Amino acid sequence: MAVVGSGFLKTSDREAVRQAVQRNCDIADARYAGNFTLCTYLLKMRELYRWESRQPFGLCLLSDEVGPWVERRERYWDTLENADFECLPVGGACNDPFEAATVNRHLLPRGLVYSAGYGRGGRPTFFLGVLERCEDFDDYTILISGEELARDLAAAPAMSQGNTIFVRRDSIRRMLFETMEAWHWRDSPQDALARALDAYGWRDGDEGALERMTDGEIEAAVW
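Described in the following lines is the structure provided in the data block. Everything quoted here is computed from the prediction, not taken from an experiment.

1. A word on helix α2 (residues 38-52)
Right, so step 1: Taking 1.5 Å as the rise per residue, α2 with 15 residues should run 21 Å; its terminal C-alpha atoms sit 21 Å apart, in good agreement.
Right, so step 2: Where α2 is concerned, the buried positions are Tyr 41, Met 45, Arg 46, Glu 47, Leu 48, Tyr 49, Arg 50 and Trp 51.
Right, so step 3: Among the residues trailing α2, Arg 54 stands out with phi positive, at a value near 55 degrees.

Structure below.
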């Protein structure tokens, strides 16, 4: 296991990369967000709102705040449906956004990790995060990110590309929280999820248990 990030990227350069990645995320959402079922779409929009507005997990989201945000986002997406993906300003060049390996050669030593590719249904997907650690296992390189700086609606918890595995800690944590929140709404105290939560020692508001679950699911995602 190794912690990476001894280099330096100027704040202005980092922000330029972040903005370009986020715009590509928005373009992908503009083209493909409508492919989700309505229920899944609304849950994902709610989760995206929580991420973008930096709302803590324990805070109840208000419909009179989320609803207008969704309307604004959909109007913004309308302006992007025919837009082209942007190149990424990294290493003194403007790089093709799907050349993740090239981009990461510049970003990984500076404590950032980038991923680009195609997900379920051929949907383009991108993200930029803070590199938490890098691990080598057999012929695989495992890149685990922490805080996410740019992301799309899909936000897959883990992805593989060639011999590289990308695991998104923040996305896994959010997925777990959303799953537990939905379980509370169902009020099914004796089901399989309840037993899994109990095995982790989960209690409402217990951040430590959430972190233990996240660690466990990171390992599962890698395998």
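Back to the write-up after that little detour.
2. Examining the pairing of strand β4 (residues 124-137)
A regular strand places its side chains on the two faces of the sheet in alternate fashion.
Right, so step 1: Burial analysis of β4 places 10 of its 14 residues in the buried class, which makes it a mostly covered element.
Right, so step 2: Pairing of strand β3 (residues 112-118) with β4, which is carried by seven bridges, proceeds in the antiparallel orientation. Residue Tyr 114 lies in a different strand from β4, and its bridge partner there is Leu 128.
Right, so step 3: Between the end of β3 and the start of β4, which pair antiparallel, lie five residues, with Gly 121 showing a positive phi angle near 75 degrees.
Right, so step 4: Pairing of β4 with strand β5 (residues 140-151), which is carried by nine bridges, proceeds in the antiparallel orientation. Of the residues in β5, the one forming a bridge with Phe 127 is Arg 151.
Right, so step 5: Count of turn residues in the β4/β5 antiparallel hairpin: two residues, of which Asp 138 carries a positive phi of about 50 degrees.

3. Focus: the sheet that holds strand β6 (residues 158-161)
Where strands meet in a sheet, backbone hydrogen bonds hold them as pairs that are either parallel or antiparallel.
Right, so step 1: Spatially, the five strands line up as an open sheet ordered β3-β4-β5-β7-β6, and their pairing is mixed. For this open sheet the edge positions go to β3 and β6, each flanked by a neighbour on one side alone. Averaged over all adjacent pairs, the angle separating strand axes in this sheet is 40 degrees, with direction ignored.
Right, so step 2: Relative to the sheet, helix α7 (residues 207-222) contacts β4, β5, β6 and β7 (164-168), its axis offset from that of β7 by approximately 155 degrees.

4. Description of the pattern of salt bridges
Right, so step 1: Within the structure shown, the criterion is met by 17 salt bridges.
Right, so step 2: One salt bridge connects Glu 132 with Arg 133, and the closest N-O pair in it is separated by 3.3 Å.
Right, so step 3: Connected via shared salt-bridge partners are Glu 132, Arg 133, Glu 135, Arg 169, Asp 170, Arg 173, Arg 174, Glu 211 and Asp 215.

5. Notes on the state of the cysteines
Right, so step 1: A full pass over the atoms with the stated rule returns one disulfide.
Right, so step 2: Linked covalently through their sulfurs, Cys 87 and Cys 94 form a disulfide whose S-S length is 1.7 Å. On the S-S bond that ties Cys 87 to Cys 94, the torsion sits near 70 degrees, and the link is right-handed.
Right, so step 3: We note that Cys 39 lacks a disulfide partner, and the nearest cysteine sulfur, in Cys 60, lies 17 Å from it.
Right, so step 4: Cys 60 gets classed as exposed once you look at its relative accessible area, which sits at 58%.

6. Let's talk about the packing of aromatic side chains
Right, so step 1: Tallying each qualifying case throughout the model produces six aromatic pairs.
Right, so step 2: Aromatic ring contacts, followed pair by pair, group Phe 85, Phe 98, Tyr 118 and Phe 126 into a single cluster.
Right, so step 3: The lysine or arginine in question, Arg 54, covers the ring of Trp 51, its NZ or CZ lying 5.1 Å from the ring centre.
Right, so step 4: Arg 168 extends its terminal NZ or CZ atom over the ring of Phe 127, reaching a point 4.2 Å from the ring centre.

7. So, the side chain of Thr 125
Right, so step 1: Mapped onto the fold, Thr 125 is located in strand β4.
Right, so step 2: Exposure remark for Thr 125: the relative accessible area of 10% places this residue in the buried category.
Right, so step 3: Of note is the side chain of Thr 125, whose polar atom sits 2.8 Å from the side chain of Asp 152.
Right, so step 4: Apart from the residues within four sequence positions on either side, Thr 125 is in contact with Ser 115, Ala 116, Gly 117, Tyr 118, Gly 119, Asp 152 and Met 159.

Calculation notes
Residues numbered from 1 in each chain as written. Predicted model: local features only at pLDDT ≥ 70, side-chain atom pairs only at ≥ 80, totals over all residues. Heavy atoms only, no water. Helix = DSSP H or I, 4+ residues; strand = E, 2+ residues; numbered from the N terminus. Expected span 1.5 Å × (residues − 1). Buried < 20%, exposed > 50% of the residue type's maximum accessible area, 1.4 Å probe, protein only. Pairing = 2+ DSSP bridges. Axes fitted to C-alpha atoms, helices over the stretch in contact; angles between N-to-C directions. Contact = heavy atoms within 4.5 Å. Salt bridge = Lys/Arg side-chain N within 4 Å of Asp/Glu carboxyl O. Disulfide = S-S within 2.5 Å. Phe/Tyr/Trp six-rings, centres within 6.5 Å; stacked < 30°, edge-to-face > 60°. Lys NZ or Arg CZ within 6 Å of the ring centre and 35° of its normal. Polar contact = N/O pair within 3.5 Å; in protein donor to acceptor, adjacent residues only side chain to side chain.

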